[in-house]
Amino acid sequence: MSNSILKLENIKKEYKDKKFTVGVLHDLNLTVEEGDFISIMGKSGSGKSTLLNIIGILDVPTEGNVYYRKEIINNFTEKNRDEIRNKMLGFIFQFHYLLPEFTALENVMLPALINKKKSKEEVEAEAKKLLIDVDMGHRLNHKSSELSGGEKQRVAIARSLINEPALILADEPTGNLDDETSEHIYQLLKKINIEKKQTIVVVTHSRELGDITNKKYILKKGKLQLGG
Ligand SMILES: Nc1ncnc2c1ncn2[C@@H]1O[C@H](COP(=O)(O)OP(=O)(O)O)[C@@H](O)[C@H]1O
Ligand SMILES: [Mg+2]
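- Named according to an unreviewed UniProt entry, the protein chain is Lipoprotein-releasing system ATP-binding protein LolD originating from Haliovirga abyssi.
- Looking at the protein chain in UniProt, the text filed under Sequence similarities (unreviewed entry) is "Belongs to the ABC transporter superfamily."

**Here we look at the overall build of the protein chain**
Part 1 of the reasoning: Along its length, the protein chain carries seven helices and ten strands.
Part 2 of the reasoning: Radius of gyration (C-alpha) of the protein chain: 18 Å, near the 17 Å computed for a compact globule of 228 residues.
Part 3 of the reasoning: When the backbone C-alpha atoms are referred to their principal axes, the protein chain occupies close to 50 × 45 × 35 Å.
Part 4 of the reasoning: Of all 228 residues assigned to the protein chain, the portion counted as buried reaches 46%.

**A few points about a negative patch on the surface**
Part 1 of the reasoning: On the surface, a cluster of negative charge is made up of D178, D179, E180, E183, E208 and D211.
Part 2 of the reasoning: When residues of the negative patch are traced back to their parent elements, those giving at least two are helix 6 (179–195) and helix 7 (207–212).
Part 3 of the reasoning: Per element, the largest residue contribution to the negative patch is three residues, and it comes from helix 6.
Part 4 of the reasoning: By the element assignment, E183 lies in helix 6.
Part 5 of the reasoning: On the basis of relative accessible area, E183 is assigned to the partly exposed category, the value being 30%.

**Observations regarding the packing of aromatic side chains**
Part 1 of the reasoning: Going through the model one piece at a time under the given rule, you end up with two aromatic pairs.
Part 2 of the reasoning: Here F91 and F93 contribute two aromatic rings whose centre-to-centre distance is 5.6 Å and whose plane-to-plane angle is 0 degrees, an arrangement assigned as stacked.
Part 3 of the reasoning: Arranged with centres 5.7 Å apart and planes meeting at 85 degrees, the rings of F93 and Y97 form a pair that is edge-to-face.
Part 4 of the reasoning: Residue F93 is classed as partly exposed on the basis of its relative accessible area of 30%.
Part 5 of the reasoning: An aromatic cluster of three or more residues is present, and its members are F91, F93 and Y97.

**Examining the site of ligand 1**
Part 1 of the reasoning: Close contacts around ligand 1 come from Y15, V24, K43, S44, G45, S46, G47, K48, S49 and T50, and that covers them all.
Part 2 of the reasoning: The separation between an oxygen atom of ligand 1 and a polar main-chain atom of G45 is 2.7 Å.
Part 3 of the reasoning: K48 places a main-chain nitrogen or oxygen 2.8 Å from an oxygen atom of ligand 1.
Part 4 of the reasoning: Bound to the protein, ligand 1 loses 57% of the 560 Å² it would expose on its own.
Part 5 of the reasoning: When residues in the shell around ligand 1 are grouped by element, the largest group, three residues, is from helix 1 (residues 48–55).

**Here's the deal with the pairing of strand 3 (residues 37–41)**
On a regular strand, each side chain points to the face opposite its neighbour's, so the side chains alternate between the two faces of the sheet.
Part 1 of the reasoning: Across the five residues that make up strand 3, a large majority, five, are buried.
Part 2 of the reasoning: Of the two faces of strand 3, the one holding F37, S39 and M41 and the one holding I38 and I40 are both buried throughout.
Part 3 of the reasoning: Bridge count between strand 3 and strand 9 (residues 215–220): four bridges; the pairing is parallel. For S39, the partnering residue across the bridge sits in strand 9 and is K216.

**Considerations on the sheet that holds strand 2 (residues 21–33)**
Part 1 of the reasoning: Sheet architecture is open: four strands sit in the order 2-1-4-5, paired in antiparallel fashion. Single-partner strands in this sheet number two, and they are strand 2 and strand 5 (71–72).
Part 2 of the reasoning: Pairing of strand 1 (residues 4–16) with strand 4 (residues 63–68), which is carried by five bridges, proceeds in the antiparallel orientation. Each residue of the ladder has a partner; that of L6, found in strand 4, is Y68.
Part 3 of the reasoning: Seen against the sheet, helix 1 touches strand 1, strand 2 and strand 4 and runs at an angle of roughly 130 degrees to strand 1.

**A look at helix 1**
Part 1 of the reasoning: Among the eight residues in helix 1, six count as buried, and that is most of the element.
Part 2 of the reasoning: Taken from the residues just after helix 1, I57 is the one with a positive phi, measuring 55 degrees.

What counts, and where the lines are drawn
Once a new chain begins, its residue numbering starts again from 1 and follows that chain's sequence as written. A letter from A marks each chain and a number from 1 marks each ligand, given out in the order of writing. Since the coordinates come from a predicted model, pLDDT governs what is reported: local features require at least 70, and pairs of side-chain atoms require 80 or more to be given and counted, while whole-chain, interface and lining totals use all residues. Side-chain measures were taken over the full set of non-hydrogen atoms in the model, leaving aside hydrogen atoms and water. UniProt positions are given in the numbering used here, feature names are shortened, and annotations may be inferred rather than shown by experiment. Strands are runs of DSSP state E lasting at least two residues, helices are runs of H or I lasting at least four, and both sets are numbered from the N terminus onward. We compute the radius of gyration over the C-alpha atoms and compare it with the globule rule, which gives 2.2 Å times the number of residues raised to the power 0.38. Any residue under 20% of the maximum accessible area for its type is buried, any over 50% is exposed, and the rest in between are partly exposed; the area is computed with a 1.4 Å probe on protein chains only. Exposure above 30% relative accessible area and the absence of a salt bridge qualify a residue for a patch, where like charges join within 9 Å and nonpolar side chains (Val, Leu, Ile, Met, Phe, Trp, Tyr) within 5 Å. Using a 1.4 Å probe, the Shrake-Rupley method yields the accessible areas, and only the shown protein chains count as cover for residues. One side-chain nitrogen of Lys or Arg within 4 Å of one carboxyl oxygen of Asp or Glu is enough to make a salt bridge. Asp and Glu are treated as the negative residues and Lys and Arg as the positive ones, with His and the ends of the chain left uncounted. The atoms used to mark charge sites are NZ of Lys, CZ of Arg, CG of Asp and CD of Glu. Here a pair means two rings of Phe, Tyr or Trp (six-membered ring of Trp) with centres within 6.5 Å. Their orientation is stacked below 30 degrees between planes, edge-to-face above 60, and tilted elsewhere. One heavy atom suffices: a residue is near a molecule or strand as soon as one of its heavy atoms comes within 4 Å of it. Here a polar contact is taken to be a pair of N or O atoms separated by no more than 3.5 Å, where protein atoms must pair a possible hydrogen donor with a possible acceptor and residues adjacent in sequence count only if both atoms sit in side chains. When DSSP finds two or more bridges between a pair of strands, those strands are recorded as paired. Any two residues whose heavy atoms approach within 4.5 Å are treated as being in contact. Working convention: axes come from line fits to C-alpha atoms, limited for helices to the stretch in contact. Angles between N-to-C directions cover 0 to 180 degrees.

As structure tokens, then:
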């Protein structure tokens, strides 16, 4: 039997307002196995962010089932959903959501301090290591408001990793970065996947990133197709 971390079954997603219904996902299925490095590509407006929000339990499908480690979570309370998100998931968005008045180091440390599982010293050492990994070792004590867009995104990536989430979800993580920085981020994600065995699902426009992942999908007409 496969060791699935997440499964989506017959997912349908519609956005409704008074006048219109926008159908985005139709009968979509996806299984994410432990250790996968999955890329999802697709045209702008094809529903990639919608799909990632459902995977990340930030939104609910109109129809269909979402399983985490074989447990169906459709009817979980908001508290239970928060718990899964905090324990299992790391998010990397296109825009970073760092706290501007906090330093790079403090921003990365914060989710781990909230978790209270490790001492402050331990957390600080790990946060420094992650920031060095994303080439931000020289900006540890800069406020995030003093960093460039690319630097902020690298800090956000380090932050998403601090609690060692089983599943990392990234929505166009290099959308705002130059080619060289993007390449560095792809290699970093690959390293994380291989060395830390963290599972990654990344939505991307980048063919290059698509090429280093293990499974490639294209989101088209509301469904995932295996891509070459
Ligand atoms: N909150 C929302 N309300 C209504 N329509 C939405 C909402 N979010 C996204 N959509 C629509 O759903 C479609 C898919 O959007 P999205 O998932 O953001 O696509 P992608 O990330 O692939 O660019 C688009 O047509 C978009 O306009
Ligand atoms: Mg999007």
